[in-house]
Amino acid sequence: MAEATANIGVIGLAAMGSNLARNLAHHGNTVALYNRHYDRTEKLMAEHGSEGKFVPSKTVEEFVASLSKPRTAIIMVKAGAPTDAVINELADAMEPGDIIVDGGNSYFMDTIRREKDIRARGFHYVGCGVSGGEEGALNGPSMMPGGTEESWQTLGPILKSIAAVAEGEPCVTHIGENGAGHFVKMVHNGIEYADMQLIAESYDLMRRGLGLDPGEIADVFGQWNTTELNSYLIEITAEVLHQTDAKTGKPLVDLIVDHAGMKGTGTWTVQTALSLAIPVTGIAEAVFARGLSSQAEQREEAAKQQLTGPSGSLDIPADEREAFIEDIRHALYASKIVAYAQGFDEINAGAKEYDWKIDLAAVARIWRGGCIIRAQFLNVVSDAFESGEANVSLLFAPYFKTAIEEAQESWRRVVARAATYGIPVPAFSSSLSYYDGLRSKRLPAALIQGQRDFFGAHTYGRVDASGAFHTLWAEDGRPEIEA
Ligand code: NDP
């Protein structure tokens, strides 16, 4: 049996696991390695074994024996059944007091269930969201660990040593008990969907609407990256749009099939929001827009049947183009603020539902580096939560309130123009509708309550009296107070 020399181990050495293991080794950790098929372990050792201290193992038992106590193992395998299988194998070989960390993209309800089971067996279990893709895993991800405070005491210093650093602070914090870390990672991904959709809508407005070519639009995004929109996603958008295809010399984006894929975290964010009754319209529209893009058969049929409508050209005179591009930038910023406000609302609601104490300012801070939604903007988001100005909603923090006030006319012009000339802007328009819904003193929900009471005797409240009322609609229209 191997000597217990490793202070941390990684199980699952595909792209994420091997890069995380290397990152750990680069920061002075001795890293135990195990993968179901040994060839991956061999490959990692052959290509990167000299980068630090690694202890490769062929079996889970050997892997566990190579770890010093309290043994800490990070699982980086496919989410779902494979994660359950690996947890069980590990738990059979480990001892009470050891720490099992799941760094995969697990569904937070699975993490809640697993934590309960594993805790009952005397282990610590940490569901840890890891963001930043392969590059982040290697050079510094943003990490969202859940689990107990006690396991954070052991794990915290290790995770801090490998996390991305933003403004001098490591992008990792203890999010809360059991599934809190994976919950926050899930919403992070949902916000990422919204961010990407808003950028895509901006691109579409310029490409189809204004007739700009990808290179010109790349320059616009490059310029936007010097404004309050400065972020990783805007930066890579400019790079993607600048790319030309080596084979044809054409802009690569024009050759990519327009069906957006997804792996499920956006869908979970929306499903969870629905169950918590929290409107996350920006995120939901982003998920649905990906769904629509991939409905190949219906889209082909629509093209064949030539479903009628305007062409998508926004009919903007050349001398007004620059001003309209500025309008799009404002619409993007305002919609982005709404999407983040909604995402944080979901985290807040999740924390209440599952009894977590989540520091929203700290969440915004650890998203400033390493992760896909990293952005300058998150500094002001974290300040708004820190000061308490965003306690009710991010939209009420003076900075964001003013930003939306300033962006508002542009936002409305863009949504109206897109609707008139036939460009779909589901995330822009749903964010604007949410904003208008939120600020409406009176909503047509009163009518819905009337309808509900009419067909189902569901009762309604009155503005001038307390209690629940039911009207005898078909008879004399008299309201009756419900017991
Ligand atoms: P994959 O999700 O492609 O998973 C491959 C790994 O899982 C391999 O090590 C594989 O072992 C192992 N595995 C699969 N089934 C089993 C099983 N039944 N028992 C044991 N091991 C199994 O790898 P990634 O590196 O892309 O991702 C790892 C985790 O990180 C996933 O949960 C993913 O969602 C998450 N993640 C991924 C990100 C990314 O950008 N890729 C970003 C953030 C999180 P073997 O080699 O033997 O087949």
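Here the structure is a predicted model, which means the values were calculated and not measured.

A. Molecular detail of the overall build of the chain. When you go through the chain residue by residue, the secondary structure sums to 19 helices and twelve strands. By principal-axis analysis of the C-alpha atoms, the chain measures approximately 80 × 70 × 45 Å. The 483 residues of the chain split such that 51% are buried. Considering only intrachain contacts with a sequence separation of at least 6, the fraction spanning at least 24 residues in the chain is 67%. Averaging the coordinates of the 42 positive side-chain charges in the chain and doing the same for the 64 negative ones gives two points 2 Å apart.

B. Representation of the packing of helix H12 (residues 281–293) against helix H18 (residues 426–439) in the model. Direction vectors running N to C along H12 and H18 enclose 155°, while the axes themselves pass 8 Å from each other. It follows that H12 is roughly antiparallel to H18 by the angle criterion. Between H12 and H18 the crossing geometry is right-handed. Across the interface between the two elements, Thr281, Gly282, Glu285 and Ala289 from H12 touch Pro426, Ala427, Ser430, Ser431 and Tyr434 from H18. For the contact of H12 with H18, the class distribution of residues is four nonpolar, four polar and one charged.

C. Highlighting unusual backbone geometry. Backbone torsion omega between Lys69 and Pro70 reads -10°, so that peptide bond is classified as cis. Its place among the elements puts Pro70 in the loop between helix H3 (60–65) and strand S4 (72–75). Positive phi, close to 25°, is recorded for Asn178, a residue that is not glycine. Along the polypeptide, Asn178 turns up in the loop between strand S9 (169–170) and helix H8 (180–209).

D. Summary view of the environment of Glu201. Tracing the chain through its elements places Glu201 in helix H8. The exposure class assigned to Glu201 is buried, which follows from its relative accessible area of 2%. Sequence separation between Glu201 and Pro424 is 223 residues; the distance between their C-alpha atoms is 7.6 Å. Ignoring anything within four residues of it in the chain, the contact list for Glu201 reads Pro424, Val425, Pro426, Ala427 and Phe428. Here the side chain of Glu201 touches Gln197 through a polar contact of 2.8 Å, side chain to side chain.

E. Focus on a nonpolar patch on the surface. Residues Val392, Phe396 and Leu438 make up a contiguous nonpolar surface patch of roughly 300 Å² in combined accessible area. Relative to the elements of secondary structure, Val392 occurs in the loop between helix H16 (377–386) and helix H17 (398–421). Overall, the relative accessible area of 64% leaves Val392 in the exposed class.

F. View of the sheet that holds strand S5 (residues 99–102). Here seven strands make up an open sheet; going across it, the order is S3-S2-S1-S4-S5-S6-S7 and the pairing mixed. A strand with exactly one partner marks an edge of an open sheet, and here the two such strands are strand S3 (53–56) and strand S7 (142–145). The sheet shows a mean angle of 25° between the axes of neighbouring strands, taken without regard to direction. Note: strand S6 (residues 124–131) against S7, four bridges, orientation antiparallel.

G. Here's a closer look at the site of the ligand. Taken together, 19 residues form the shell around the ligand, and within it Met16, Asn35, His37, Arg40 and Val77 come nearest. Between Lys78 and the ligand, the recorded distance is 3.3 Å, taken from a backbone N or O atom to an oxygen atom. Contacts to the ligand include Asn105, whose backbone N or O atom sits 3.2 Å from an oxygen atom. The fraction of the free accessible surface of the ligand (890 Å²) that becomes covered by protein chains is 78%.

H. Fine view of the UniProt feature "binding site: substrate" (unreviewed entry) in the chain. When the UniProt feature table is mapped onto this chain numbering, "binding site: substrate" (unreviewed entry) sits at Asn105, Ser131, Gly132, Gly133, His188, Asn189, Tyr193, Lys263, Arg290, Arg452 and His458. Maximum C-alpha separation among the annotated residues is 48.3 Å over a sequence range of 354 residues, too wide for a single clustered spot. On the basis of relative accessible area, His188 is assigned to the buried category, the value being 0%. Every residue in contact with His188, bar those within four places of it in the chain, is listed here: Ser131, Trp367, Cys371, Ile372 and Ile373. You can see Arg290 is positioned in helix H12. Look past the residues within four positions of Arg290 in its chain and what remains in contact with it is Tyr193, Met196, Ala260, Gly261 and Met262.

Rules of the game
- Residues numbered from 1 in each chain as written.
- Predicted model: local features only at pLDDT ≥ 70, side-chain atom pairs only at ≥ 80, totals over all residues.
- Heavy atoms only, no water.
- Helix = DSSP H or I, 4+ residues; strand = E, 2+ residues; numbered from the N terminus.
- Buried < 20%, exposed > 50% of the residue type's maximum accessible area, 1.4 Å probe, protein only.
- Contact = heavy atoms within 4.5 Å.
- Lys, Arg positive; Asp, Glu negative; His and termini not counted.
- Charge placed at Lys NZ, Arg CZ, Asp CG, Glu CD.
- Axes fitted to C-alpha atoms, helices over the stretch in contact; angles between N-to-C directions.
- Parallel < 35°, antiparallel > 145°, perpendicular 65-115°, else oblique.
- Left-handed = near helix turned anticlockwise from the far one by under 90°.
- Nonpolar A, V, L, I, M, F, W, Y, C, P; charged D, E, K, R; others polar.
- Polar contact = N/O pair within 3.5 Å; in protein donor to acceptor, adjacent residues only side chain to side chain.
- Patch = residues over 30% accessible without salt bridge, like charges linked within 9 Å, V, L, I, M, F, W, Y side chains within 5 Å.
- Areas by Shrake-Rupley, 256 points an atom, 1.4 Å probe, with all protein chains shown as cover.
- Salt bridge = Lys/Arg side-chain N within 4 Å of Asp/Glu carboxyl O.
- Pairing = 2+ DSSP bridges.
- Near = heavy atom within 4 Å.
- UniProt positions renumbered as here; feature names shortened; annotations may be inferred.

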